[in-house]
Structures are given as structure tokens and as C-alpha cells.
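Read off the chains here:
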Amino acid sequence: AAPMPPRRRRWPAYLLAAAVVLAVVTAARAQDYSNGDDEEEKPKPQLKAQEACNGAFLSYTFIERTKEFPHLKNATAQAYAFKAQATVLNTMTTDLKAWQMFVGFQQKEILVSVSGAVLLDGTDFPANVSGGVTFAGYPMADLLNSIDTAGDLTQIQVQMDITGTQFGVKPPGKPMPKTIKLTNPGYRCPAPTHKDSVMFVCCVKDPKFKAKKANSTRYLPRQKADLTIAYDVLTSYGNKYIAQVTIDNWSPMSRLDNWNLTWEWKRGEFIEKMRGAYTLLKEGPACVYSPAASYYKDFDFTPVYNCEKRPIIVDLPPDREKDNDVGNLPFCCKNGTLLPPIMDESKSRAIFQLTVFKMPPDLNRTALYPPSNWKITGKLNPHYVCRQPIRVSPMEFPDGSGLMSTTPAVASWQVACNITRPKKRASKCCVSFSAYYNDSTVPCNTCACGCGNDTATCDPDAHPVLLPSEAMLVPFDNRTAKARAWAKIKHWRVPNPMPCGDNCGVSINWHVMNNYKSGWSVRMTIFNWQDYTFKNWFAAVKMGEHYGGYENVYSFNGTRLDAPFNNTIFMQALPGLEFLEPITDGRTSAYPRLPGKQQSVISFKKKDVPNINIPKGGGFPKRVYFDGEECALPHKLPSSARRRAGAPSLLQAVTGVVLVMIVALVDSSCL
């Protein structure tokens, strides 16, 4: 018999499984060892253009959106909640200081929150950014370079998570911005590349940009502005620091009365105590309900000044100037008055100090962050837009011992604030025009300072009606009868309803008095319609081509201003007349209230402006200011076509007298 073949030995199943696992692990280890000597593979950049960029690489990515209530059939009116992400990456060999990124939103966007940045103009959320917005870095204002950080993305790149609302672009459309760019001076950005839901651009240094003298320190140079605020840390401890705030008014055309200063704490800080100023809300006991109380459990919050995220800070009155507890600081305690330096340099600065407690994780001496979103306002003053604080070289202070040495601050930041022109119907003062060649006065514009809510009985869109000159001396509520009587004399149609008033607390009448061969003159009258006394007031007028003929101001103290306020006459009260009195009651209840007023004649010569045409409007200013606020000018000038031609007829004179008497009786009955 043939021999039987040897029987094949079978391995148990568990031994086969173990062998397979061992083979896989061995292969994996072999693969690891084989790559150990090779260069580690780097992650690919999100966008290929990023590799070729030697500057600042900006990107904007639309992520998602959902329909908001109410749900509408009109697609252009439908609101969508959206999320997006923007990044700024420094790909240069130098640091990018105080980066600023502009995003040209164009779909009526309203931003609700942004991480990693703040709005440059300090606007609060929710913020309407339909015309575009500029972001500034916070808390990381500077982006370091890759060489000094070994390519650490957390130091060379900032990522902003944006949440908001947009209108009008329904899916599958992508609501992308019009453009993105770096707004730092000295950089040039081409048109961005747009691919689906991503937009990116590489901004490079402009070789034609002539930079100022290089700063020898690693800090940014101090900025020039109408008003600057310095935030200097004088002393730093582990969980708190002492800071000094200095407000400087640099513009000859700006001032503040009863200033209110506010900012936003971003890291849970609170104010323990202050000198030179105080918070409007002193909420010490209420601080036990704040987030700070959960950390400082054994801390007595009773004497604490304020735990608000947005405290409102005001100046102390003069009687606290020498108070050892809350005052006794230079330039403090002026009741919130900041005058232009042209009037009084000692009153153009304000200083106060505060002790600030910090929260985790900032519990070390060098973890210092200034507040953001600064705002400053006054009684009847210009509107300031303040940028975000920038880190500057530490301020140096005179040594307290009286020696010639100086002591630098631990850290310093600067906030630059500039005056903006008031928006339509948002002024705080207005101007009326009149002239010798027309017996009617062009009053202030309708709703020049806002309409308020009282538009049920007047027309907020109607042009103001011309008035007789005496009507400018009474409040608007007492002018209706005079306006109707004057229109009847002139045979003018009276609108129904009548135009709304100007609603301005201060008005200025500019009256061209005469025009003779060698010169001409005007009378300027300032009316105060408020129950408020203006102390150390000032006014200014910007003239046109006829500025060169300015000769003198007789009842005010007049001064010519230099650049950048060319062709401008600055006027302030003479000694003893610094107060513009408030409105007062008439002699009896039958008489209208009387405004406080001051006036002066201003003379001009024609020697340097021989071609000026006064009857055609050459005698009126281009801009008028009161206490730094730009006043709203009328939309038209007095017409020389209605100039007086000889004496009025007897019938006109008698009719005028009778109508004036009727107006007086009507006004008396109305009162």
C-alpha cells in the first residue's frame, strides 16, 4: 500500500489571530522607524496663496446661516443669523503692530459678537456694520513674526469668530463682503480673491510709503488727535494695579462740559477706589452678586466703587480739589470742564487715578490689559469717536522726592479720539440767516437737532417758513401766529400742518447789517433756549473767500486761527461776560419766555476781497461752531430779489401794525 501523505498540522484560531495582530504592529513600527530620519511632513496651508505671501495674509470664510423670525415671503427683508470666521496671519520677518482689518460688509449686517477682536470705533454690540467695519486686535493687538516664535500660530495669527444677522441673500447664495483689507499705514492690498464662501488677500508693505523716523522701542508712537486719553499703570501687584488716566484736549475747536467717560472691562476687572473722579453708580454692596465675588470670597465689597462692565466716570466738583481722600491730584476736580488750550491750557487737561482688581488667569504682575471701547461725551459738545487703546512707550513721571530723576510707568496705553461732523438732524445747535436786503429771516432747519416724538401736529419734512425778525426772540411754540401773520402780509401759502421746530438748545443768528464801498459788517447773536448756564463759552465761524477782509470783533474777544482751521474766526466772551445765561420767564405769564443771549458786531474790509458780492450771499459763513459743536446751517440764503424797494405804502404800514397787535393778543391768549 502506498504510504499516506503526512497530515498537515492545524494551528488554533486564537494563535492565528495573535499572529496577524503581531504582524500589523510590527509593520507599523517598521513604518515609524523608516520615517524617523526623514523631515517631518508639514501640514498643508489652508490656501495655496498663503505660502507665497510675504506680508499679512487676510481671509474671510462664511460658515453657515439660519433663518430668523419673523419668516417673510419678501426675500430682501428676511433676516438670517450667520456665522463667519476672519483671520490675520503675519507672514513677514517683522512684527505687525496694532493690526487693523477692514471687512466691507454689504448685506445690512448687524454684528452680535466677535471673538479675538473689537470694533475699532468702539461701537457697542449689536452694531450696524452695513457700510463696513474695521476690527482691531484684543487682547492680542500685535502679531509677532514667525522667526522669533518658531512658527507658533498662537502668536503670529489671530482668528475672529463672527456672529451676526444679515438680510436679503437667500440660500444657496453666500453673503460675502465686498472686500477685505489691512488698514495699517504703509501696506498695500490688491483686490481680494473670492472663491465660493472664502475670500483672501495678501497685503504687502508699500515700498513708496515714507515712514516716520523709526521708533527705537518696540512700542507704537503716540498719535495726534483732537483729544487723547492716556492709561498709565503706575504700580502693579499680583491681583491688582493702580492706574492713572489723563485726558488732554488738543483742538482749539473742541471742549467738554460735565464730561462722562466710559469704557468696557473685557477680563472681569472691577474698580476698588478712585481719586480725582468717581463713578455715577457706587455699587459696593451689590458687587457681592458679581462674578468677582465668587473668586474674592472673603473680600469686603462694601467700600468698592464699581463692579459694572461699563462704568460711567465723572469729574469731581471744585470743592473736592484739596480733599485728601478723593482729590488732591493736579488737573482734577473741574466739574467736568475741558477747555481748548487756546482759552486756558491749565483747564485743557483732566487726571484721575483708580485701583483695579483683576480676575484669573491674570493674577501676576505683568498680566496687564487696558479696558476697551472708550467713549466720552459732554453737555453740548462735539461727538467724539475714540479708537481702541494702543500700547505706547511707558510714560515718564517726575520723581516724587523732588529730584531731577524720572520714574517710568509699568505700562502705558493711548486712546485717540477725534471729532466727527454731526449727522443730519443730530446737531445740538443751529443757525438762522438774515440780511439788510431782505426783511424775512431764514430760520433754522426743520428738526435741525432732531424731531423727537412730537410730530403728530407738525410736518417733520416740510421746509421752515420765513419769519419776521422779531419772531427770533421768542421760543418756537410762540412763533406760529407770527409766521401765519407774516405769510399773510407777504401773500405766501401757509403749509398745513406747519413745519416742526428745530428743537435746538442753542441757536445763532447771523445778520448781514450793511454793505458799503470799503467794507461790510454783520451782527452775530447767540441764543440760549435751555435752563442751563454756559460758562466760558466760545464760538467760531469758518468764512469763505472773504475771510481775508476780517477786521475786528467788538463785543467778543476774536482771534484768527491757523492751520488746519484756516479762514476761521475764534470768539469768546470778554472778561466779566463769561456766562451765557439760561432762558428766563417773561415779566408776567402773558409774556413768552426770553432766551439768554449775547451778541457782537463783526466788521470786514473789502481791500483784500474787492470782488465779494454781498447781496448774492458772499457775507455768510461756511460753518459755524458753538462750544466745539458744529451747528446746522440753513439750506438757503436770504434772497436779494425780495430786497426792500423804498418805504412801504401807508396801507402796508397800517396793516402791519394791526397784524402785529393781533399777533401779540393771540400769543398772550395762547400763554
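Below you will find a few notes about this structure. Computed from a prediction, not measured in an experiment: that's the story for all the values here.

### Details of the side chain of serine 254
Residue placement: serine 254 occurs in the loop between β14 (240-249) and β15 (260-264). The class of serine 254 is buried, set by a relative accessible area of 0%. A distance of 2.6 Å separates the side chain of serine 254 from the side chain of asparagine 249, its partner in a polar contact. A distance of 3.4 Å separates the side chain of serine 254 from the side chain of tyrosine 384, its partner in a polar contact. Not counting the four nearest positions on each side in its chain, serine 254 is found in contact with Asp226, Asn249, Leu339, Pro340, Pro382, Tyr384, Ile419, Phe538 and Gly628.

### As for the sheet that holds strand β32 (residues 538-542)
Adjacent strands of a sheet form backbone hydrogen bonds with each other and so pair up, either parallel or antiparallel. Judged by pairing direction, the sheet is antiparallel, and its five strands sit side by side in the order β34-β35-β32-β38-β39 without closing on themselves. Bordering the open sheet on either side are β34 (556-560) and β39 (629-630), each of which pairs with just one other strand. Relative to strand β35 (residues 568-573), β32 is paired through five bridges, and the arrangement is antiparallel. Each residue of the ladder has a partner; that of lysine 542, found in β35, is threonine 568.

### Here's the deal with unusual backbone geometry
Backbone torsion omega between phenylalanine 69 and proline 70 reads -5°, so that peptide bond is classified as cis. Following the sequence through the fold, proline 70 ends up in the loop between β1 (56-67) and β2 (79-90). Backbone geometry at phenylalanine 331 places phi at a positive 65°, although glycine is not the residue there. When you line up the elements, phenylalanine 331 lands in the loop between β18 (312-315) and β19 (349-357).

### Remarks on the sheet that holds strand β17 (residues 277-279)
Taken in spatial order, the four strands line up as β17-β18-β15-β20 in an open sheet, and their pairing is antiparallel. Both edges of this open sheet fall to β17 and β20 (372-377), since each of them pairs with a single strand only. When the angles between neighbouring strand axes are averaged without regard to direction, this sheet yields 25°. Bridge count between β15 and β20: four bridges; the pairing is antiparallel. Bridge assignment links glutamate 264 to a residue of β20, and that residue is serine 372.

### A closer look at the packing of aromatic side chains
Scanning the model with the defined rule gives 28 aromatic pairs in all. Seen from their ring centres, phenylalanine 433 and phenylalanine 620 are 4.6 Å apart, and the 45° between their planes marks the pair as tilted. Of this pair, phenylalanine 433 sits in strand β26 (residues 429-435) while phenylalanine 620 sits in the loop between β37 (596-605) and β38 (623-626); the two residues are 187 residues apart in sequence, bridging distant segments of the chain. Each member of the aromatic cluster is reached from another via a ring pair, and the members are Tyr231, Tyr241, Trp263, Trp265, Trp374 and Trp413. The ring of phenylalanine 331 is capped by arginine 349, whose NZ or CZ atom sits 5.5 Å from the centre of that ring.

### Let's talk about the nonpolar core
Of all hydrophobic cores here, the largest spans 39 residues; its most connected members are Trp510, Met524, Ile526, Trp537, Ile569, Ile602 and Phe626. Aside from chain neighbours lying at most four places away, what touches phenylalanine 626 is Leu380, Cys429, Val506, Ile508, Ile526, Phe534, Trp537, Phe538, Ala539, Leu580 and Cys631. The next biggest cluster of nonpolar side chains, apart from the first, holds 38 residues, and it includes Leu256, Trp263, Ala350 and Ile376.

### Structural notes on the pattern of salt bridges
Applying the stated criterion across every chain, the model contains 20 salt bridges. Here arginine 310 and glutamate 264 are joined by a salt bridge, their closest N and O atoms 3.4 Å apart. With arginine 310 in the loop between α5 (291-295) and β18 and glutamate 264 in strand β15, the pair connects residues that are 46 residues apart, well separated along the chain. Overlapping salt bridges bring together Asp124, Glu264, Lys266, Lys309, Arg310 and Lys375 as one network.

### A look at the environment of phenylalanine 270
With respect to the helices, strands and loops of the structure, phenylalanine 270 is situated in strand β16 (residues 270-275). Residue classification places phenylalanine 270 among the buried residues on the basis of a relative accessible area of 1%. The sequence separation of phenylalanine 270 and tyrosine 305 amounts to 35 residues, and the corresponding C-alpha distance is 8.2 Å. Dropping the residues within four chain positions of it, phenylalanine 270 is found in contact with Ala292, Tyr296, Phe299, Phe301, Val304, Asn306, Cys307, Thr355, Val356 and Phe357.

### As for the side chain of serine 603
Within the secondary structure, serine 603 sits in strand β37. With relative accessibility at 4%, the residue serine 603 sits in the buried group. There is a polar contact of 2.9 Å between the side chain of serine 603 and the side chain of tyrosine 554. Each residue touching serine 603, except ones within four places of it in the same chain, is listed here: Trp520, Ser521, Gly549, Tyr550, Glu551, Asn552 and Tyr554.

### Let's talk about a nonpolar patch on the surface
There is a patch of nonpolar side chains on the surface, built from Tyr278, Leu280 and Ile312 and spanning about 260 Å² of accessible area. Structurally, leucine 280 can be placed in the loop between β17 and α5.

### So, helix α6 (residues 480-490)
Among the residues of α6, Ala481, Lys482, Ala483, Ala485, Trp486 and Ala487 are the ones counted as buried. Just downstream of α6 lies histidine 491, where phi reads positive at about 60°.

### So, the pairing of strand β29 (residues 506-515)
A large share of β29 lies buried, amounting to seven of its 10 residues. Direction of pairing for β26 relative to β29: parallel, over a ladder of seven bridges. In the strand pairing of β29, phenylalanine 433 is matched with tryptophan 510. Following β29, the chain reverses through three residues before pairing antiparallel with strand β30 (residues 519-528).

### Quick look at the environment of isoleucine 526
With respect to the helices, strands and loops of the structure, isoleucine 526 is situated in strand β30. Each C-alpha atom of the pair isoleucine 526 and alanine 539 lies 9.0 Å from the other, and the pair is 13 residues apart in sequence. Here isoleucine 526 is in contact with Val506, Ser507, Ile508, Trp537, Ala539, Phe556, Leu580, Gly596, Lys597, Gln598 and Phe626, once residues within four sequence places are set aside.

### Comments concerning the pairing of β26
In terms of residue burial, β26 counts as a mostly covered element, since seven of its seven residues are buried. Residues Cys429, Val431, Phe433 and Ala435 line one face of β26 and the alternating positions Cys430, Ser432 and Ser434 line the opposite face, and both faces are buried. As defined by bridge partners, β26 adjoins strand β27 (residues 438-442) across two bridges and the pair is classed as antiparallel. The residue bridging alanine 435 from the neighbouring strand is asparagine 438, located in β27.

### Things to note about the state of the cysteines
With the rule as written, the count across this model stands at 10 disulfides. Across the disulfide from cysteine 430 sits cysteine 444; the S-S distance is 2.2 Å. Residues cysteine 430 and cysteine 444 share a disulfide whose torsion about the S-S bond is about 80°; that sign makes it right-handed. One end of the pair, cysteine 430, is in strand β26; the other, cysteine 444, is in the loop between β27 and β28 (467-468), with 14 residues separating them in the sequence. Take cysteine 430 and cysteine 444: they sit in the same class, and that class is buried. Disulfide pairing is shown between cysteine 447 and cysteine 451; the S-S distance is 1.7 Å.

### Thoughts on the environment of glycine 618
With respect to the element layout, glycine 618 can be found in the loop between β37 and β38. Measuring from C-alpha to C-alpha, the distance between glycine 618 and glutamate 545 comes to 8.3 Å, with 73 residues separating the pair along the chain. Not counting residues up to four positions away in its chain, the partners in contact with glycine 618 are His546, Ile612 and Asn613.

The rules behind these values
- Residues numbered from 1 in each chain as written.
- Predicted model: local features only at pLDDT ≥ 70, side-chain atom pairs only at ≥ 80, totals over all residues.
- Heavy atoms only, no water.
- Helix = DSSP H or I, 4+ residues; strand = E, 2+ residues; numbered from the N terminus.
- Buried < 20%, exposed > 50% of the residue type's maximum accessible area, 1.4 Å probe, protein only.
- Polar contact = N/O pair within 3.5 Å; in protein donor to acceptor, adjacent residues only side chain to side chain.
- Contact = heavy atoms within 4.5 Å.
- Pairing = 2+ DSSP bridges.
- Axes fitted to C-alpha atoms, helices over the stretch in contact; angles between N-to-C directions.
- Phe/Tyr/Trp six-rings, centres within 6.5 Å; stacked < 30°, edge-to-face > 60°.
- Lys NZ or Arg CZ within 6 Å of the ring centre and 35° of its normal.
- Core = buried A, V, L, I, M, F, W, Y, C linked by side-chain atoms within 4.5 Å.
- Salt bridge = Lys/Arg side-chain N within 4 Å of Asp/Glu carboxyl O.
- Patch = residues over 30% accessible without salt bridge, like charges linked within 9 Å, V, L, I, M, F, W, Y side chains within 5 Å.
- Areas by Shrake-Rupley, 256 points an atom, 1.4 Å probe, with all protein chains shown as cover.
- Disulfide = S-S within 2.5 Å.

That's the geometry; what it means functionally is another story.
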